[in-house]
Amino acid sequence: MNIKYTVYVSLIVALGGFLMGFDASVISGVVKFIEPQFDLTKIQLGWSVSCLTLTATLAMLMAGPLSDKFGRRSVLKYAAILYFISALGSALAPSFTLLVLARMLGGFGVGASLIIAPVYIAEIAPSKHRGTMVSFNQLNIVLGISVAFFTNYLILQWGKSDANWATYLQFNNYNWRWMLGLEALPAIIYFFSLFFVPRSPRWLAMNGLNEEALHVMQKSLGEEEAKIQLDSICKSIQSSPKKERVSFRELFKPSMKLVMLIGIVIAVTQQITGINSVFFYAPMIFEQTGIGTDASFSQAILVGLINLVFTLFAIWFVDRVGRKPLLIFGLAGIAISMFILSTGFGQATYQLTEKNIQECVSIVGAEDLSSMKNVTFQSDLEFNEALKNSVSAQVFKEHQTEFISKAISINPWLVLVGILGFVASFAISIGPVMWVLFSELFPNRIRGVAISFVGLVNSGISFLVQLVFPWEQMNFGNATTFLLYGLFGLFGLIFVFFLLPETKGKSLEELEVILVKE
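Residues numbered from 1 in each chain as written. Predicted model: local features only at pLDDT ≥ 70, side-chain atom pairs only at ≥ 80, totals over all residues. Heavy atoms only, no water.

S.K.: Before we go on, may I ask you to explain the overall build of the protein chain in this structure?
M.R.: Check the secondary structure of the protein chain and you find 25 helices and 2 strands. In terms of overall size, the protein chain behaves like a compact globule, its C-alpha atoms giving a radius of gyration of 24 Å where 518 residues would be expected to give roughly 24 Å. Projected onto its principal axes, the C-alpha coordinates of the protein chain cover approximately 80 × 55 × 35 Å. Long-range contacts, defined as pairs at least 24 residues apart, comprise 83% of the intrachain contacts of the protein chain with a sequence gap of at least 6. (Helix = DSSP H or I, 4+ residues; strand = E, 2+ residues; numbered from the N terminus. Rg over C-alpha atoms; globule rule 2.2 N^0.38 Å. Contact = heavy atoms within 4.5 Å.)

S.K.: For this particular structure, what's the right way to read the nonpolar core?
M.R.: Generally speaking, nonpolar side chains in soluble globular proteins are found buried as a group. By size, the foremost hydrophobic cluster in this structure holds 165 residues, and its most contacted members are Tyr350, Leu369, Phe383, Phe403, Ile419 and Phe442. Broken down by element, this core gets its largest block of residues, 15 residues, from helix α6 (residues 96-124). Ignoring sequence-local partners within four residues, the contact set of Tyr350 consists of Phe345, Val375, Thr376, Phe377, Ser379, Asp380, Phe383, Ile404, Ala407 and Ile408. (Core = buried A, V, L, I, M, F, W, Y, C linked by side-chain atoms within 4.5 Å. Buried < 20%, exposed > 50% of the residue type's maximum accessible area, 1.4 Å probe, protein only.)

S.K.: Before we go on, may I ask you to explain helix α5 (residues 72-92) in this structure?
M.R.: Because each turn of an α-helix spans 3.6 residues, side chains separated by three or four positions in sequence point in the same direction. For α5, spanning 21 residues, the distance from its first C-alpha to its last is 31 Å, which sits close to the expected 30 Å at 1.5 Å a residue. Of all the residues in α5, the buried ones are Arg72, Val75, Leu76, Lys77, Ala79, Ala80, Tyr83, Ser86, Ala87, Ser90 and Ala91. (Expected span 1.5 Å × (residues − 1).)

S.K.: Whenever I open this one, the packing of helix α3 (residues 27-37) against helix α4 (residues 42-70) confuses me. Can you help?
M.R.: Remark: α3 packs on α4, axes separated minimally by 10 Å, with the N-to-C direction vectors making an angle of 145°. As α3 runs across α4, the sense of the crossing is right-handed. Residues Ile27, Val31, Ile34 and Glu35 of α3 form the contact with α4, whose own contacting residues are Lys42, Leu45, Ser48 and Val49. Of the residues belonging to the contact of α3 with α4, the class tally is 5 nonpolar, 1 polar and 2 charged. (Axes fitted to C-alpha atoms, helices over the stretch in contact; angles between N-to-C directions. Left-handed = near helix turned anticlockwise from the far one by under 90°. Nonpolar A, V, L, I, M, F, W, Y, C, P; charged D, E, K, R; others polar.)

S.K.: Honestly, the packing of aromatic side chains in this entry has me stumped. Any pointers?
M.R.: Any two aromatic rings considered together are summarised by their centre-to-centre distance and by the angle between their planes. Taken as a whole and assessed by the stated rule, the structure comprises 22 aromatic pairs. When the ring of Phe38 is compared with that of Phe96, the centres are 6.3 Å apart and the planes differ by 50°; the resulting orientation is tilted. Here Phe96 lies in helix α6 and Phe38 lies in the loop between α3 and α4, a separation of 58 residues in the sequence. Judged by its relative accessible area of 17%, Phe38 is buried. (Phe/Tyr/Trp six-rings, centres within 6.5 Å; stacked < 30°, edge-to-face > 60°.)

S.K.: How should I be thinking about the pattern of salt bridges in this particular structure?
M.R.: Any two side chains of opposite charge can pair, on the condition that their charged atoms come close. One pass over the full model with this rule turns up 9 salt bridges. One salt bridge in this structure joins Asp68 and Arg72, with 2.6 Å as the shortest N-O distance. When its relative accessible area of 1% is taken as the criterion, Arg72 is described as buried. Between Lys373 and Glu354 there is a salt bridge whose closest N-O contact spans 3.1 Å. Separated by 19 residues along the polypeptide, Lys373 in the loop between α18 (354-359) and α19 (380-388) and Glu354 in helix α18 bring together distant segments of the chain. Each of Asp68, Arg72 and Glu123 takes part in salt bridges that share partners, so that together they form one network. (Salt bridge = Lys/Arg side-chain N within 4 Å of Asp/Glu carboxyl O.)

S.K.: Would you mind showing me how to read the environment of Ile81 here?
M.R.: One can find Ile81 in helix α5. Counting along the chain gives 263 residues from Ile81 to Gly344, while the straight-line C-alpha distance between them is 43 Å.

S.K.: So what exactly am I meant to see when it comes to the side chain of Glu35 here?
M.R.: With respect to the element layout, Glu35 can be found in helix α3. Given a relative accessible area of 9%, Glu35 falls into the buried group. Excluding anything up to four places from it in sequence, Glu35 contacts Leu40, Lys42, Leu45 and Lys397.

S.K.: Can you walk me through the side chain of Ser342 in this structure?
M.R.: Residue position: Ser342 is located in helix α17 (residues 323-346). Non-local contacts of Ser342, meaning those with residues more than four positions away in its chain, are made with Ala479, Phe482 and Leu483.

S.K.: For this particular structure, what's the right way to read unusual backbone geometry?
M.R.: Trans is the prevailing form of peptide bonds, just as negative phi is the prevailing case for residues other than glycine. Unusually for a residue other than glycine, Asp39 sits at a positive phi of about 55°. Note that Asp39 resides in the loop between α3 and α4. Phi angles above zero are rare outside glycine, and Asn374 is one such case at about 65°. Following the sequence through the fold, Asn374 ends up in the loop between α18 and α19.

S.K.: What should I look at first to understand the packing of helix α14 (residues 257-272) against helix α23 (residues 447-475) in this one?
M.R.: For any two helices packed against each other, the geometry comes down to the angle between their axes and how far apart the axes lie. Viewed as axis vectors pointing N to C, α14 and α23 meet at an angle of 25°, and their least axial separation amounts to 8 Å. Between α14 and α23, the angle falls in the class roughly parallel. The handedness of the crossing between α14 and α23 is right-handed. Between α14, through Met260, Gly263, Ile264, Ala267, Val268, Gln270, Gln271 and Ile272, and α23, the contact on the second element is made entirely by Phe453, Val454, Val457, Asn458, Ile461, Ser462 and Val465. (Parallel < 35°, antiparallel > 145°, perpendicular 65-115°, else oblique.)

These figures capture arrangement, not role.
Here you go:
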């Protein structure tokens, strides 16, 4: 067994995860600047974040069948091209509409790479190491998220620099454009790197190219084991019903009921617990605790680092401890962390003192805020309502977070612990484990279509969570929003505990026998 070759190929393919993570989370640093520049409503702000996920959802619907027809590697190459075009288009966008269109184009790359990369890795990796190899994709997503947080902060600091090169590149005037445009570089690297990986051996076998499939499998498994595995794959394919085209209707046959229930619930739970609200709006959440813009961006970096560290733990444990124990541990942590976060914001009070008001005179006249002076508000909802009645709609839109950060009295450590605990719990469990499960649950012949469907569900929920988060904050308040996320995590924990079987250490063909009941 040549584990080095498998790792080499898996890491290259998983670079698609890096691009996905970067593309998705770089917007966290952008929202603060585009909201006033393009005069956006809260729903439009949510749309600027979530529009990428909408097209990613559509891509997931198409990517699986396309990868079954044209190959996993070919689809990933086109995804890299879309990432590159989207990065340049977003950075140069002269209007909100064109920015959204450019990000939506990148969404097609996100959707394709998000589901096809783990499928490819699962199909080339030995069963003993499959969980670890597939987790490389999640690790790269996490790296992309962390790098995006870091480069956002770096560009913010360069914007304040007096260095000639920083002034020449206009980081201050075009900060959010630089944040979005940087993605073009890793997109180029990914496209050319894919020429150094083979086609998926299971895809080759499904298309009758057994000689090439054997050659690829020998590189990672050795000659004898490759022949045994190829024989098993061919038998699985031959025993499946012969059809020219796999229909989505096959996913809902009675024999697929358990598999699809597990896939759908896990797909929904991963997103509905609020992970992308934290990743995509982290600086906004931190800034509302009163720590300031620079500190909020630096704490977002900490979120990325915690995500990275605990994803590494997940990769270490997924083939040692198993999928189910990690999910139980992580979902319990997700629920507890969100309850802590809800409590932190629920205990916060808001008051504008004379000093606070004087600090805002460059924004609004002191007399406009006189009715709020020294009044203690028990929630962000009460404070926002009073602020809307005191200042113009434009001032409220542009400076709401600044007013909240000055008025709030909160334990910022409780919020930080809640968010970091949530991210750690997600990263060690349902973040990477979901994709490992998706690569294992479904029969060989319909794997591409099945993963497209559950990926579609996952991405659709992600889109809704991202879209409504700013609106939820404004209409429900932070405490209620995070409480809802915690309750969803609790439901997922109960489901996993009672209904999810363990898949560790079993071949894809063995799992098909266990999970698909004719």
